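Architecture at a glance
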Amino acid sequence: MSTTNNPIVYAEGIGPDRAALLTEELGIRTTWQLLEHYPFRYVDKTQFHTVAQLSNAPVEVQIKGEITKIEEVGPPRQKRLVATLKDATGSIELVWFKGASWIRRSLKLHTPLVAYGKVNNFKGKKSIPHPEISAPALSNDLQSALEPVYSTTDKLTKKGLHSKGLSKVIRSVLKKELDEISDPFTEEFAKQQHLISKKQALYWIHFPSSQAHLDAARKRIKFEEFFFLQLTQIRNKIRNKDSIKGYKFGEVGQNFMNFYNNHLPFELTQAQKRVVKEIRFDLGTGAQMNRLVQGDVGSGKTIVALLAMLLAIDNGFQAALMAPTEILATQHFEGLNEMCQPAGIRIELLTGSTKSAQRDSIHQRLQSGELQILIGTHALIEPTVKFANLGLAIIDEQHRFGVAQRAKLWKKNEHPPHMLVMTATPIPRTLALSLYGDLDISIIDELPPGRKPITTKHLFEKNRLKLNGFMQQEIAKGRQVYIVFPLIEESETLDLKNLEVGYEQLLRDFPRPQYQIAVVHGRMKPEDKEGEMKRFATGKAQILVATTVIEVGVNVPNASIMIVENAERFGLSQLHQLRGRVGRGSEESYCILVSSFKLSGDAKTRLETMVRTQDGFEIAEVDMKLRGPGDIMGTRQSGQLQFKLASLSQDGAILNWAREVVEKLLAVDSQLNDENHVPIKQHWKLLYKDKWGWNRIS
Ligand code: ADP
Ligand code: MG
């Protein structure tokens, strides 16, 4: 992605074999891609250690001294070469197990020398096996002080393309091509932002002569990476606003007002009010709305969705709400129906298990425009479902849907409806900006009043008896308990066994008729699932045993205990979602994470994080650090998150800065026609070519 796009085969010392290998092993085809193969760390060769200073830790050190003794020791077949290196403070052994005779010839007694390598500590005796040996640099030597270390592979190493070999090729490519590299930032632009030039950055990222130079190079390269992503997204956003006309919901009419004043079951939180206002504003502009509402579990997104739908109805349009599971869609429908009935709003539920007569009736009333709100699952996007005039489409728990499914909803009308997507998986702001930078984002960062914190505990399995006692005690007080077992798709049978065994055990520990236990898992028929959910929701069963099907959205306020079995097998966001099922009523709530004794480091961090905090955003940050940003979002354009150097978990400040710069830039020169901005536009066209609409919400 630069003006230098020469095949790697022509680089000095490469040739067809190594070129093929570079492509195979590292995906490098061009010299530019090689230049973008940045070092993953640097070895500081400006620092010298003294022998006396060395600790027992196996760290890399550099010692300046001279060889006082060279000898070969050990039996003939296991000979090793041992040289004693002495500096002013003491001496240490340098050891070679291979290539002894060749090395022996290159070592000179009583001549200044620098040895570099990892300290080995064997029974208190320190040595450096296979050190790098060099003559001390002369003071005017221009060799870089921080030596780059590149990732490479065994096959490449065998062909001489180890870190040092790569470094050599990179140096020669830089020498030959540096002048051809074009800079998207003019000197003036770079100066305004206190950035160094691209050429300088490329040189210093590979061969920094000081930490300060390396920092400047990193800053420049990371900034540029974020800058162009943000430029695409913000431009897309502006372009969508300009070109895609949305229905104008100019009126706040009867339905909204009537509901707001007479049927609202509680006062909205400040955060809810703010988000409703943001949505109202969007809907009134005449541009198509593309808004993401992020709000932690239980923050009250549903009512916000309903108010938005009422605005659509007030302006003569229909609205649809799509949820990822049947259970959730049904719950939404029941809750919303209860609020809509008294207000005289016509609302229906459509799922995979809707009976055909009912389905036909819904289709027909939808097309005639009689139905005002349709709630449902994927069934909503079936081609047979036709709206008279869909004005607003809402997707709940949007991360559960694929891009294609969202696109279908968007295409339900000739004219795209306003889109509102809601997610209860808080994602770090940096990630949100990178993934959804082309959307408007609303955040509900406040929970409804009266919520008590959920006491979270981590228990090992051996404490099962204690746990049972606690459950009995809470159930005696009238509380209800969720127990969740992990389910991993690849081995569904095995994992269901988990649940089944657990269920059998529970039946023994919590015998009927005193206790009633409901069971829900993904492989049950929908009507059975619903029946069991109902038993729990109505309080007939005190315990619900489930796989993660209940992760999303289920709302049973009287359930105050969430027990997660094999908690070490759940991801952080899943655990957070699960915990969000409790703490919805006025009772003291508990989340108990049960795990085996053996835990991986990551699993430990996850459980500790859950115990420490309830803040979804903080949890999301930890999650991103553990898993990397790509994994978190799964399906959604993960390629977009593959920065060469920048890191979403560490470089949030640079991302924000880049975003601000882009916003200001487009505000003053939206077409990038200023001579100071033309190179930016050119570079960006090179980067994204025909991918114009790639990131529009679909
Ligand atoms: P989520 O954001 O997880 O979808 P819900 O919309 O399901 O949250 O709301 C969770 C619970 O909080 C529901 O029982 C809802 O009725 C209640 N709730 C929402 N907003 C408020 C509020 N402002 N005051 C009191 N309760 C509220
Ligand atoms: Mg919800």
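About the thresholds
- Residues numbered from 1 in each chain as written.
- Chains lettered and ligands numbered in written order.
- Predicted model: local features only at pLDDT ≥ 70, side-chain atom pairs only at ≥ 80, totals over all residues.
- Heavy atoms only, no water.
- Patch = residues over 30% accessible without salt bridge, like charges linked within 9 Å, V, L, I, M, F, W, Y side chains within 5 Å.
- Areas by Shrake-Rupley, 256 points an atom, 1.4 Å probe, with all protein chains shown as cover.
- Salt bridge = Lys/Arg side-chain N within 4 Å of Asp/Glu carboxyl O.
- Lys, Arg positive; Asp, Glu negative; His and termini not counted.
- Charge placed at Lys NZ, Arg CZ, Asp CG, Glu CD.
- Helix = DSSP H or I, 4+ residues; strand = E, 2+ residues; numbered from the N terminus.
- Near = heavy atom within 4 Å.
- Polar contact = N/O pair within 3.5 Å; in protein donor to acceptor, adjacent residues only side chain to side chain.
- Nonpolar A, V, L, I, M, F, W, Y, C, P; charged D, E, K, R; others polar.
- Core = buried A, V, L, I, M, F, W, Y, C linked by side-chain atoms within 4.5 Å.
- Buried < 20%, exposed > 50% of the residue type's maximum accessible area, 1.4 Å probe, protein only.
- Domains from an automatic or database assignment.
- Expected span 1.5 Å × (residues − 1).
- Contact = heavy atoms within 4.5 Å.
- Pairing = 2+ DSSP bridges.
- Axes fitted to C-alpha atoms, helices over the stretch in contact; angles between N-to-C directions.
- Phe/Tyr/Trp six-rings, centres within 6.5 Å; stacked < 30°, edge-to-face > 60°.
- Lys NZ or Arg CZ within 6 Å of the ring centre and 35° of its normal.

What follows covers a negative patch on the surface. There is a patch of like negative charges on the surface, built from Glu334, Glu338, Glu527, Asp528 and Glu530. Listed by contribution, the elements that provide at least two residues to the negative patch are helix 12 (326-343) and helix 18 (526-537). Considering every element that reaches the negative patch, the biggest residue donor is helix 18, with 3 residues. The residue glutamate 530 is located in helix 18 in this model.

It is worth spelling out the site of ligand 1 at this point. Near ligand 1 lie 16 residues; those nearest to it are Gln272, Gly298, Lys301, Thr302 and Arg451. At a separation of 3.4 Å, an oxygen atom of ligand 1 approaches a polar backbone atom of serine 299. A distance of 2.7 Å is found between an oxygen atom of ligand 1 and a side-chain nitrogen or oxygen belonging to lysine 301. Against a free-state accessible area of 560 Å², the protein chains account for coverage of 80% of ligand 1. Residue composition of the shell around ligand 1, grouped by class: 4 nonpolar, 7 polar and 5 charged.

Phe185, Phe227, Phe228, Leu231 and Ile680 are the most contacted members of the largest nonpolar core, which has 52 residues in total. Two domains each put at least three residues into this core: domain 1 (8-40 + 150-212) and domain 3 (254-283 + 300-423). Within the second largest apolar cluster, 45 residues are counted, among which are Val293, Ile303, Ile373 and Ile444.

Another aspect to go through is helix 5 (residues 163-177). For helix 5, which comprises 15 residues, the first-to-last C-alpha distance of 21 Å matches the rise-based estimate of 21 Å (1.5 Å per residue) to within 8%. For helix 5, the complete set of buried residues consists of Ser163, Gly165, Leu166, Ser167, Val169, Ile170, Ser172, Val173, Leu174 and Glu177. Elements that come into contact with the buried residues of helix 5 comprise helix 1 (15-26), helix 2 (31-35), strand 9 (146-149) and helix 7 (198-206).

That bond from arginine 512 to proline 513 is cis: its omega, -5°, falls within 30 degrees of zero. For proline 513, the position within the fold is in the loop between helix 17 (492-509) and strand 19 (517-520). A positive phi angle, close to 50°, is found at asparagine 566, a residue other than glycine. Within the fold, asparagine 566 resides in the loop between strand 21 (559-564) and helix 19 (572-579).

The next thing to look at is the sheet that holds strand 20 (residues 543-546). Spatial strand order, 17-22-21-18-20-19: 6 strands in an open sheet with parallel pairing. Looking at the sheet topology across the chains shown, the edges are occupied by strand 17 (454-460) and strand 19. On average, adjacent strands in this sheet sit at an angle of 20° to one another, irrespective of strand direction. Both strand 18 (residues 480-484) and strand 21 contribute to a ladder of 5 bridges, which runs parallel. Considered in strand 21, the bridge of valine 484 is made with valine 564. In the packing of helix 16 (residues 464-476) onto the sheet, contacts are made with strand 17, strand 18, strand 20, strand 21 and strand 22 (589-595), and the angle to strand 22 comes to roughly 160°.

Bringing the domain arrangement of the chain into the picture now. Taken domain by domain, the chain comprises domain 1 (8-40 + 150-212), domain 2 (47-143), domain 3 (254-283 + 300-423) and domain 4 (455-613). Taken over C-alpha atoms, the centre of domain 2 sits 59 Å from the centre of domain 4.

Before going further, it helps to spend a moment on the pattern of salt bridges. Taken as a whole, this structure holds 24 salt bridges when the rule is applied. Across the pair lysine 644 and glutamate 36 runs a salt bridge whose closest N-O atoms are separated by 3.8 Å. Residue lysine 644 is found in the loop between helix 22 (629-633) and helix 23 (652-668), and its partner glutamate 36 is found in the loop between helix 2 and strand 1 (41-44); the two are separated by 608 residues along the sequence. Assessed through its relative accessible area of 19%, glutamate 36 is described here as buried. Its salt-bridge partner being lysine 198, residue glutamate 224 comes within 2.7 Å of it at the nearest N-O pair.

Packing of helix 9 (residues 254-263) against helix 11 (residues 301-314) leaves a shortest axis separation of 7 Å and a crossing angle of 145°. Across the interface between the two elements, Gln254, Asn255, Phe256, Phe259 and Tyr260 from helix 9 touch Ile303, Leu306, Leu307, Leu310, Leu311, Ile313 and Asp314 from helix 11. Split by residue class, the contact of helix 9 with helix 11 holds 9 nonpolar, 2 polar and 1 charged.

Moving on, we get to the packing of aromatic side chains. Taken as a whole and judged by the stated rule, the model has 16 aromatic pairs. Consider the rings of tyrosine 203 and phenylalanine 207, whose centres lie 5.7 Å apart with planes at 50°: the pair is tilted. For tyrosine 203, a relative accessible area of 29% corresponds to the partly exposed category. By relative accessible area, which is 3% here, phenylalanine 207 ends up buried. Through pairs of rings, three or more aromatic residues link up here, namely Phe185, Phe189, Phe223, Phe227, Phe228 and Trp657. The side chain of lysine 64 reaches across the aromatic face of phenylalanine 48, ending 4.5 Å from its centre. The ring of phenylalanine 207 has arginine 171 sitting right over it, with the charged end atom 4.1 Å from the ring centre.

Another point: the side chain of aspartate 396. In this fold, aspartate 396 is placed in the loop between strand 14 (390-395) and helix 14 (403-410). Lysine 301 provides the closest opposite charge to the buried, unpaired aspartate 396, separated from it by 5.8 Å. Within polar-contact distance, the side chain of aspartate 396 engages the side chain of histidine 332 at 2.6 Å.

The strands making up a sheet associate through backbone hydrogen bonding, with each pair oriented either parallel or antiparallel. Spatial strand order, 12-13-11-14-15-10-16: 7 strands in an open sheet with parallel pairing. Each edge of the open sheet is held by one strand with a lone partner, namely strand 12 (347-350) and strand 16 (440-444). Averaged over all adjacent pairs, the angle separating strand axes in this sheet is 20°, with direction ignored. Here 5 bridges tie strand 10 (residues 290-295) to strand 15 (residues 418-423), and the two strands are oriented parallel to one another. Bridged to glutamine 294 within strand 15 is threonine 423. Packing of helix 10 (residues 270-284) onto the sheet brings it into contact with strand 10, strand 15 and strand 16, and relative to strand 16 it is tilted by some 160°.

Along the chain, valine 9 falls in the segment before helix 1. Exposure remark for valine 9: the relative accessible area of 26% places this residue in the partly exposed category. In this structure the C-alpha to C-alpha distance between valine 9 and aspartate 282, which are 273 residues apart in sequence, comes to 53 Å. Beyond its immediate chain neighbours, meaning those up to four positions away, valine 9 contacts Ile14, Gly15, Pro16 and Ala19.

Here strand 4 (residues 90-96) pairs with strand 7 (residues 125-129) via 3 bridges, running parallel. Among the inter-strand pairings, glutamate 93 is bridged to a residue of strand 7, identified as serine 127. When strand 6 (residues 120-122) meets strand 7, the two strands line up antiparallel, connected through 3 bridges. Bridge assignment links asparagine 121 to a residue of strand 7, and that residue is lysine 126. With antiparallel pairing between neighbouring strands as the criterion, strand 6 and strand 7 make up a hairpin whose turn holds 2 residues, including lysine 123 at a positive phi of roughly 50°.

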